[in-house]
Amino acid sequence: MVPSTGEITLLLAKWKEGDLLAFEQLMPLVYPHLREVAAAYIRRERNPDVLQATALVHELYLRLLQQKKAVGEDRCHFYTFAAKVMRRMLIDHARESQTQIRGGGQERVPLSDDLSWVNIDSPELLDLNRALDELCALDPGKVQLVELRYFLGCTAEETASLMKISKATVDRELKFIKSWLYRRIRPCVIEKAVGQ
Amino acid sequence: MEPTTENLLLTEAIFHEARAVPDEARNELIKTRCKGNRSLAAEVHSLLEACKAEENEAASCRLESEAGRKFAPESKRAGPYLLDRLLGRGGMGAVYLAHRADGHFELKVAIKLIDLPLASEVFRDRFRQERQILAGLQHPYIARLVDGGVTQDGELYLAMEYVDGVPIHRFCEEQHLSARQQLELFLRVCEAVQFAHQNLVVHRDLKPDNIFIVEDGTPRLLDFGTAKLLSPSLVGQGNEFTRLGLMSFTPQYASPEQVLGNPITTASDTYSLGVLLYLLLAGALPYELKEFTTEEMVRVICNEPPRKVQALDSGKRLDSDLEAILQKALRKEPQQRYLTAERLASDLHAYLEGKPVAARQGTIRYRAAKFIRRHTLGLASAILLATTLAAGIAGVLWQAKVANEERRKSDARSADLRQLSDSLLSELDEAIKQLPGSTGAQKLLITRVLEHLDRMAKDARGDRLTELDLVNAYTQLGNIQGNTYDQNLGDSAGAMTSLDKAIAIAQPLVASNPDDRDVLEALANAQESRSEVEYWNVTEKPQEAIAYMKASAATYDRLAALPNVTPAQLLAVSRAYNTLGDQLWARGSAGLVDLPAAIAAYRKGIDFENRVLRLEPGNVRARRGIGTLQMKIGSVELDTDPAQALKDIEIALQYFDSVPEADRKSLITVRNRAITERKKAMALEELGEHARAIRLFEEVLQIDRQIAAADPNDQRAIYDIGVTLQDTARSYEDAANPLLNSSLEDRRRNLLSAERSLEEFAAVSEQMLRQNSANEDWKVGLAQAQVRIGSLRQVLHLPGESEALSRKGLAVLKDLVEKDPGSEAVLDSALQAILKIEPASLRDPRLAVEWAERGVALSHRKTPKWLLSLAQAYHAAGQIEKARAAAKEGLALLPVLPPGATKPRIRRLLEIESRTELLSS
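What you are looking at is a predicted structure, and each value in this text was computed from that prediction instead of being measured.

### What to know about the overall build of chain B
Of regular secondary structure, chain B possesses 37 helices and eleven strands. Contacts in chain B between residues far apart in sequence, at least 24 positions, make up 61% of those at least 6 positions apart.

### Observations regarding the overall build of chain A
Secondary structure summary: chain A contains nine helices and two strands in total. Looking at chain A as a whole, 44% of its 196 residues are labelled buried. Considering only intrachain contacts with a sequence separation of at least 6, the fraction spanning at least 24 residues in chain A is 61%.

### Re the sheet that holds strand 10 (residues 219-221) of chain B
All names here are of chain B. Reading across from one edge, 7-9-10 is the order of the three strands in this open sheet, with antiparallel pairing throughout. The sheet is open, and its two edges are formed by strand 7 (165-167) and strand 10, each paired on a single side. Ignoring which end each strand starts from, the neighbouring axes of this sheet average 35° apart. The pairing of strand 7 with strand 9 (residues 211-214) spans three bridges and is classified as antiparallel. When the bridges of strand 9 are listed, Gly165 appears paired with Val214. Contacts from helix 6 (residues 179-198) reach strand 9 and strand 10, with the element oriented near 35° to strand 10.

### So, unusual backbone geometry
Residues and elements named next belong to chain B. At the junction of Glu838 and Pro839, the peptide bond is cis and its omega measures out at 0° in the coordinates. Along the chain, the position of Pro839 falls in the loop between helix 33 (824-836) and helix 34 (845-858). One non-glycine residue, His797, lies in positive phi territory at about 55°. Topologically, His797 is positioned in the loop between helix 31 (776-796) and helix 32 (803-819). C-beta crowding within 10 Å serves as the criterion here: with 7 such atoms nearby, His797 is assigned to the exposed category. The backbone phi angle of Arg861 is positive, close to 55°, even though this residue is not glycine. With respect to the helices and strands, Arg861 occurs in the loop between helix 34 and helix 35 (864-877).

### So, the environment of Gln476(B)
Examined against the element boundaries, Gln476(B) turns out to sit in helix 18 (residues 464-482). C-alpha separation for the pair Gln476(B) and Asn525(B), spaced 49 residues apart in sequence, amounts to 9.5 Å.

### What about the packing of helix 23 (residues 595-615) of chain B against helix 24 (residues 620-638) of chain B?
All names here are of chain B. The N-to-C vectors of helix 23 and helix 24 enclose an angle of 165°; their axes lie 9 Å apart at closest approach. Considered as vectors, helix 23 and helix 24 are oriented roughly antiparallel to each other. Along this stretch, helix 23 crosses helix 24, giving a crossing that reads as left-handed. Only Ala622, Gly625, Ile626, Leu629, Lys632, Ile633 and Val636 of helix 24 make contact with helix 23, whose side of the interface consists of Leu595, Ala598, Ile599, Tyr602, Gly605, Ile606, Glu609, Val612 and Leu613.

### Here we look at the confidence of the model for chain B
All names here are of chain B. Per-residue confidence for chain B gives a mean pLDDT of 78, with 76% of residues at or over 70. Within chain B, the element-level pLDDT minimum falls on helix 14 (residues 379-391), averaging 28, and the maximum on helix 25 (residues 642-657), averaging 94. Across residues 116-120, where pLDDT falls below 50, the model places twelve contacts with residues more than four positions away in sequence or in other chains. Both scores are given for the predicted complex: the pTM is 0.48, the ipTM 0.79.

### A look at the nonpolar core
Residues and elements named next belong to chain B. Among the nonpolar cores identified, the biggest contains 128 residues, and Val471, Ala506, Leu523, Val573, Ala830 and Leu870 are the most heavily contacted of them. Leu523 has contacts with Ile503, Ala506, Gln507, Val510 and Thr555, leaving out every residue within four places of it along the chain. Counting 69 residues, the second largest nonpolar core, distinct from the first, contains Ala192, Leu206, Ile213 and Leu348.

### Quick notes on the packing of helix 1 (residues 5-20) of chain B against helix 2 (residues 23-34) of chain B
Residues and elements named next belong to chain B. Two elements in contact, helix 1 and helix 2, have axes separated by 9 Å at closest approach and are oriented at 155°. When the axis of helix 1 is compared with that of helix 2, the two are roughly antiparallel. Relative to helix 2, the crossing made by helix 1 is right-handed. Residue-level inspection shows Ile14, Glu17 and Ala18 of helix 1 in contact with helix 2, the latter providing Arg26, Leu29, Ile30, Arg33 and Cys34.

### Looking at the confidence of the model for chain A
Residues and elements named next belong to chain A. The predicted model of chain A averages 69 in pLDDT, with 47% of residues at 70 or higher. Helix 8 (residues 167-185) holds the highest mean pLDDT among the elements of chain A, 92, whereas helix 3 (residues 53-66) holds the lowest, 54. Here residues 1-5 is a poorly scored stretch, pLDDT under 50, and it has five contacts once near neighbours within four places are set aside; other chains count. Counting contacts from residues 44-52, a segment whose pLDDT is below 50, to residues more than four positions away or on other chains yields 16 contacts.

### Some remarks on the pairing of strand 9 of chain B
All names here are of chain B. Bridging between strand 9 and strand 10 involves three bridges; their strand directions are antiparallel. Across the sheet, the residue bridging to Ile211 is Leu221, located in strand 10. In textbook terms, the turn of a hairpin is the stretch between consecutive antiparallel strands, and for strand 9 and strand 10 this stretch comprises four residues, one of which, Gly217, has a positive phi near 85°.

### Things to note about the environment of Arg188(B)
Relative to the helices and strands, Arg188(B) resides in helix 6. Counting along the chain gives 157 residues from Arg188(B) to Ala345(B), while the straight-line C-alpha distance between them is 8.8 Å.

### Some details on helix 32 of chain B
Residue and element names in this part refer to chain B. With 17 residues, helix 32 should reach 24 Å at 1.5 Å per residue; the first-to-last C-alpha distance of 24 Å fits that figure. Those residues of helix 32 lying buried are Leu805, Ser806, Gly809, Leu810, Leu813, Leu816 and Val817. Buried residues of helix 32, seen end-on, are gathered within an arc of 130° and therefore sit on one face of the element. Facing away from the buried surface of helix 32 by more than 90 degrees, the exposed residues are Ala804, Glu818 and Lys819. On its buried face, helix 32 sits against helix 31, helix 33 and helix 34.

### A word on helix 28 (residues 690-710) of chain B
Residue and element names in this part refer to chain B. Spanning 21 residues, helix 28 covers 30 Å between terminal C-alpha atoms, matching the ideal 30 Å at 1.5 Å per step. Among the residues making up helix 28, those that are buried are His690, Ala693, Ile694, Leu696, Phe697, Val700, Leu701, Ile703 and Asp704. Those residues of helix 28 that are buried are in contact with helix 27 (667-686) and helix 29 (715-735).

### Here we look at the environment of Val787(B)
With respect to the helices and strands, Val787(B) occurs in helix 31. Apart from residues no more than four positions distant in its own chain, Val787(B) is found in contact with Ser806(B), Gly809(B), Leu810(B), Ala833(B) and Ile837(B).

Conventions adopted
- Residues numbered from 1 in each chain as written.
- Chains lettered and ligands numbered in written order.
- Predicted model: local features only at pLDDT ≥ 70, side-chain atom pairs only at ≥ 80, totals over all residues.
- Helix = DSSP H or I, 4+ residues; strand = E, 2+ residues; numbered from the N terminus.
- Contact = placed C-beta atoms within 7 Å.
- Buried ≥ 20, exposed ≤ 12 C-beta atoms within 10 Å, placed from the backbone.
- Pairing = 2+ DSSP bridges.
- Axes fitted to C-alpha atoms, helices over the stretch in contact; angles between N-to-C directions.
- Parallel < 35°, antiparallel > 145°, perpendicular 65-115°, else oblique.
- Left-handed = near helix turned anticlockwise from the far one by under 90°.
- pLDDT = per-residue confidence, 0-100.
- Core = buried A, V, L, I, M, F, W, Y, C linked by C-beta atoms within 7 Å.
- Expected span 1.5 Å × (residues − 1).
- Arc of directions from axis to C-beta.

The structure is reproduced here in structure tokens:
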């Protein structure tokens, strides 16, 4: 998924210098990937009006535009940033859909295949968001990992390469983080198990 | 347990250790590692439980979603095509392999889709442009456009020929091509790029990934998604396109002007081709981009010379000629590069054939070396040569003078130098032609060349060859400065000064060398250019222009009287007479009308073309030339003597048909022939043969449309369509005019046809005006058409805007007449419109008389057509006596009608006006 060579880096650098065109150029390079991510989130959503991959990415684009200065100097920075934006977007979306009356028979749309018990338009996502905020206070690196891997939809390999760590480390750390988040979001399940 | 970072990390460490050991050993490990810290142990335990529960739930969720996924087949369609698989993603969209779903043919295509709804319209416009560009680019080495349309989701798509191949650099590697084979392959790529350039298309993103080699070893150029059309209509939008140009390049292959956001020309593509050639021959890129920052990119691409191939680690060696070709292709300044792919290709051909390459002419050492080798010149002279070359073009010219002095010793060397100065000047000329607009740098260059020429002129006296060089150089320079027939700098005053200098040097030279063909040609040429500049100059001194043109023709006559004149020189003589005829015919506002003299000039032109044909019976240019001149003679005669015009036009058609088959099908012959056919239709109409005229107009329209369809960027073709449509409409109206046609049963049908032609004309002119809103021809034409459409709709009771349209057109026409009071064409269109406008309340006889009087004055009372208009205007104003007088004056200008001949249209109308009576209403 990661476009080749230093093209993105080059564009990011230009963008950092205030070159708006670089941003225009950047978007098509990362867009297809972001769109796939968004499409994965909503793949089986019945009601297409609720959340469209396109709309999702479009919004991401606009937010990126507004916050152009927040982007750092290299690819990792950019993807981290994109992931953060994606997270914000999904959370906002979840908040909005909470206020709507939801009919039955809705199909589940997992945030990620590797985090399949969190649905993208469920209250769980808001729980996850809160849990991540707590985790961030303790170890922001772990949240970055979650954002890249689950919100932006990078593979473990891509996440590893972006964060300059090994894939094994990514998998290991995510194992712990998922457990930590699960306990935080589904405390009753654990209490029951520990209590037995 | 306190939630701190240390605690979290400690918990995590024990968590991982515990998971690494078997279940039964876990409790023990946790106990040991937690060293009695019970809350830490409980934390680890609960997280291990959570891990298990998370895994369980995740597994069941996954099963569920996989089951659901089976019901969501993701087959996509685009029009009649089913998308099979994703081939890749580009900057703007995705490319899929697809096949036709309707089973009509088993056709594999590559479907390019926009799936980028973001920067929407800009990208969509580009997508549409790519489609337009590809539709006009049919070449075996360019991936073909098969189809295009809109998908069900409303996305644009293009269906392209599916190219099953590999990128060129990989192909060369895999096939272990020799350097020669690589060059031959590369030349085919150049051929495709050149084809695009000829069609005014710049690709702008040439790189190996866009050049695939297919099974039979031929290339396919892909991805015109960032290509640019150098259409004149886009010139005004330069900023926009330059801006977009910045967005789309690939840094490794981008030219300095692309990196800097400067205007892109065909030379930008040859630069990219240069990088590609470098990659193929050297196995590496010409630059090393260490970091991808703008400064680094600008620094390297715009400042650093390309690496010498032998300095690379690859161990490859390049022939110095090839190295020179690469260096020239990769020059930083676009003007210094090969301007088109064809030039690059021809140098590579020269290299392959062992001839000297143009690339090396630009380097001092090469030429110096060539000189020393060929002429064993003194070393001092060689150094002098080198310094003058370094001083630039003018320096070379000066050197030519030095060479002339030594001419007796070394004829060949002087010829070389003269050739060199010629080629440098014409290269400069070419470079300026390629650049849009005129910039300070170009003017500066001209100033410098002028300074050197002036210095040279001072001490050249008496030296024939140097003076001849000077005459030619000043003439060429003058044309660059301000001859409308060339792309020029718009400095007509400067041009006239340069041309006057050329003439001043040439005249005494001719006096002392009366039988020297080169000298005579140089003078005639200078006089011709001087006339052309004068003719198009705003100060409008047509008499002077015509005087210079006559002088030029006289000089050419002397040349043509000498023995051993070449066909090329005779063609130049004919061209001069052709121009003289045009000036005397004075279709613009600047001329002095002298129709008999114009016809005489054209006939002399034909004499010289015939002399060429006696020397070279197969000379196509001469045959076409006679056709064109005959057509012009016919056109001059059209108004006054349509019967004679018809005869001359028929001769013209015979000459067009006498060229060989291949030339008959060439665009220039087809176009000239169509124009001539249109003139024939006009002659028939003047002779009252409405039905034949209309049929012929419709035929010409077909041909015009075919020419336009073959090349959507051909502005001339669209212009021709417009003119033919106007003529067709007029012809239909004439057929419905009771004064001209006695059989009136088809009156309504003819007027309806006229209205339809005018509507089509209005559509064409609106389209043209969208591209260039300043074009007067289309503005006038559109306004006149609006008046006619509005009027006809009222007469015929047709739906649609009518009176308002008449008013709108009339207002524009009045405005245009006011802005350009000296233009006969504008005046004529406006006058025709107000004489016949409906509702009749809009007619303004007083204004009509005023305009008609002005038209008569502008044509020096010599044009029957204007006198007829004047008579009609007086008539409308109720000034019957004056109307009769004007009509009689017009009739007196017409040639005597042979007994039994058909009365042409203008004579009939003039006769009617000369006998007109005021009808009591």
